[in-house]
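These are the residues of each chain, in order.
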Amino acid sequence: MTWWKGVIAALIVAAVGAMTFAGLREKPPPATEVQFGKVKKGPIVRTVTGAGKVEAATTVKISSNLSGDLLELPVKVGDQVTKGQVLAKLDRRRFEASVKQSAAAYSAARAEMTTMQVEIDRLDRELTRVKGLVEKGLTSKAEEDKATSDLAAAKARQAAQGDRAAQAAAALEEAQNNLSKTTLFSPIDGNVIEMTREVGERVRGSDFNEDVVMTLAALHAMEVKIEVGEHEVVHLRNGQKSDIKLDAFDGQTFDGTVVEIAQKALIKNPGTEQETTSFPVTVALIAKPDGVLPGMSAEVRVTADQRESALVVPVQAVTVRPERSLADAATPIEGAKIAAPRKGEQFTKVVFVVDSEKRVHARRVKTGISSDTDVEILEGLQEGDEIIEGPYRTLAKDLKEGDLVEEQKAGGGRGPGKKRG
């Protein structure tokens, strides 16, 4: 019986040893929970967005070059006006008097010219008579010289008077022009959108200070001005189609087109950490919707580029890794490298591809245009490849070459990107 006890003791020791060895063996790394996806083929559109205010394509401020009391305002806010229509009238009496005064001065100058011409004609006849007497020896040469001098002096006075008459004519023309400016006419077909003066008020016209009486706008043509960042404006061209949404027209989208891209940047907070650079872009509404008014808030989406059929992956599936950390660091794809945050280090765009054993491999990619949700893949992937789409932190920092992965549980209690123990 003693040998049976020895056998049992040996078996117990062997079992304990086996369990201890099994417990001491290194466990395989746990699988990382991720979100799987597929490389697909489909359309993709690059859009550039911006917010702005609706404006009339043509806005004109009506002001007077003259100072005077405002006597008539035959239009009001909202009225539709046509080119050449009377918009306002100033008190004309002072300017009418100025016209009369200038006209009288001009008439007097012309009358003086006529009188001088009569005198010139008389002196010319006198010179002829004196020359005849000189030829007959009935008078001296001095008399002829005097007659010649008198005629020349008269002609000089007439020339001077002619200059004064021209000056009077110019003064009359200016007075008439000022009189015409007492009536304000519409330079465009449009609508009155603002009145800043009332009948009885004094308008203080000046070439240096603008005293606006009213503002007109051509409401048949509307546009939206937005500001676009310097990295996006390079993708914009005149004529690109746009979708315009107005806050006042909930759920409706209107067609637009890019008509102007500013060539000068707007730089805000220069020299500070908050410095931003943007470019004003004007997008015209192709057709004016009923009820749209200047000042309404709008959101614009410009179609900058599009592909009807392209390899696409979700935007979040593309991440970056240091070039030196990739298994095939010696054979980068042309155009895949991007600027590194640290001097001397290269970072590369990658997508993590899943193999048949559920292990991931960083695949270099060259990207094309991007939409709000997807990015075009030009090189590095094929349609149908299984890839990792998320979670973001797992893709950006945690996931490494060769990691074992599994499908993330819907609403899993461990949270996104956690490993099973």
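First things first, this report covers the structure right here in the doc.

The rules behind the values
- Residues numbered from 1 in each chain as written.
- Predicted model: local features only at pLDDT ≥ 70, side-chain atom pairs only at ≥ 80, totals over all residues.
- Heavy atoms only, no water.
- Salt bridge = Lys/Arg side-chain N within 4 Å of Asp/Glu carboxyl O.
- Buried < 20%, exposed > 50% of the residue type's maximum accessible area, 1.4 Å probe, protein only.
- Helix = DSSP H or I, 4+ residues; strand = E, 2+ residues; numbered from the N terminus.
- Pairing = 2+ DSSP bridges.
- Axes fitted to C-alpha atoms, helices over the stretch in contact; angles between N-to-C directions.
- Parallel < 35°, antiparallel > 145°, perpendicular 65-115°, else oblique.
- Left-handed = near helix turned anticlockwise from the far one by under 90°.
- Nonpolar A, V, L, I, M, F, W, Y, C, P; charged D, E, K, R; others polar.
- Expected span 1.5 Å × (residues − 1).
- Contact = heavy atoms within 4.5 Å.
- Phe/Tyr/Trp six-rings, centres within 6.5 Å; stacked < 30°, edge-to-face > 60°.
- Lys NZ or Arg CZ within 6 Å of the ring centre and 35° of its normal.

Observations concerning the pattern of salt bridges
Side-chain pairs of opposite charge can arise whenever the charged atoms involved come near each other.
Turning to step 1, where the next piece is worked out: Scanning the entire structure with this criterion turns up 17 salt bridges.
Turning to step 2, where the next piece is worked out: As a salt-bridge pair, Asp79 and Lys76 come within 3.3 Å of each other at their nearest N and O atoms.
Turning to step 3, where the next piece is worked out: For the salt bridge of Asp398 with Arg393, the shortest nitrogen-to-oxygen distance reads 4.0 Å.
Turning to step 4, where the next piece is worked out: For Asp398, a relative accessible area of 33% puts it in the partly exposed group.
Turning to step 5, where the next piece is worked out: Salt bridges sharing partners connect three or more residues here, namely Asp305, Arg307 and Glu376.

Considerations on unusual backbone geometry
Generally, phi is negative for residues other than glycine and the peptide bonds are trans, each holding for most cases.
Turning to step 1, where the next piece is worked out: A cis amide bond links Gly390 to the next residue, Pro391, at an omega of 0 degrees.
Turning to step 2, where the next piece is worked out: Structurally, the position occupied by Pro391 is in the loop between β23 (386–390) and α5 (392–398).
Turning to step 3, where the next piece is worked out: Positive phi outside glycine occurs at Lys358, with the angle close to 65 degrees.
Turning to step 4, where the next piece is worked out: Note on placement: Lys358 falls in the loop between β19 (347–354) and β20 (360–364).

As for the sheet that holds strand β6 (residues 86–90)
Turning to step 1, where the next piece is worked out: Ordered by their spatial adjacency, four strands build an open sheet running β7-β6-β4-β9, and the pairing between neighbours is antiparallel. Because the sheet does not close on itself, it has two edges, and the strands there are β7 (183–185) and β9 (202–204). Going from strand to strand, the sheet's axes swing by 40 degrees on average, the running direction of each strand aside.
Turning to step 2, where the next piece is worked out: Bridge count between β6 and β7: three bridges; the pairing is antiparallel. Residue pairing across strands places Lys89 opposite Thr183, the latter belonging to β7.

Brief notes about the packing of helix α2 (residues 93–136) against helix α3 (residues 141–180)
Turning to step 1, where the next piece is worked out: Where α2 contacts α3, the two axes come as close as 8 Å, and the packing angle between them is 165 degrees. Taken together, the axes of α2 and α3 are roughly antiparallel relative to one another. For α2 against α3, the interelement crossing comes out left-handed.
Turning to step 2, where the next piece is worked out: Taken together, the residues of the contact of α2 with α3 break down into 23 nonpolar, nine polar and 10 charged.

Re the pairing of strand β8 (residues 190–195)
Turning to step 1, where the next piece is worked out: Where strand β5 (residues 80–81) meets β8, two bridges bridge the pair, whose relative direction is antiparallel. From the neighbouring strand, Val81 faces β8, where its bridge partner is Gly190.
Turning to step 2, where the next piece is worked out: When β8 meets strand β10 (residues 212–217), the two strands line up antiparallel, connected through four bridges. Residue pairing for β10: Val192 is matched across the bridge by Leu216.

A few points about the sheet that holds β5
Turning to step 1, where the next piece is worked out: Taken in spatial order, the four strands line up as β3-β10-β8-β5 in an open sheet, and their pairing is antiparallel. At either end of the open sheet lies a strand with only one pairing partner, and these are β3 (59–63) and β5.

Things to note about α2
Turning to step 1, where the next piece is worked out: Taking 1.5 Å of rise per residue, the 44 residues of α2 would be expected to cover 64 Å, and the 65 Å separating its terminal C-alpha atoms lies within 8% of that figure.
Turning to step 2, where the next piece is worked out: Looking only at α2, the buried set comprises Phe95, Val99, Ser102, Ala109, Met116, Ile120, Leu123, Leu127 and Val130.
Turning to step 3, where the next piece is worked out: As for α2, its buried residues are in contact with β4 (67–72) and α3.

A short note on the packing of aromatic side chains
Turning to step 1, where the next piece is worked out: Inspection of every chain in the model, using the stated rule, returns one aromatic pair.
Turning to step 2, where the next piece is worked out: Look at Phe249 and Phe254: their rings are 5.7 Å apart centre to centre, the planes differ by 85 degrees, and that puts the pair in the edge-to-face class. Neither Phe249 nor Phe254 differs from the other in exposure class; each is buried.
Turning to step 3, where the next piece is worked out: Over the aromatic face of Phe36 sits the side chain of Lys358, whose NZ or CZ is 4.8 Å from the ring centroid.

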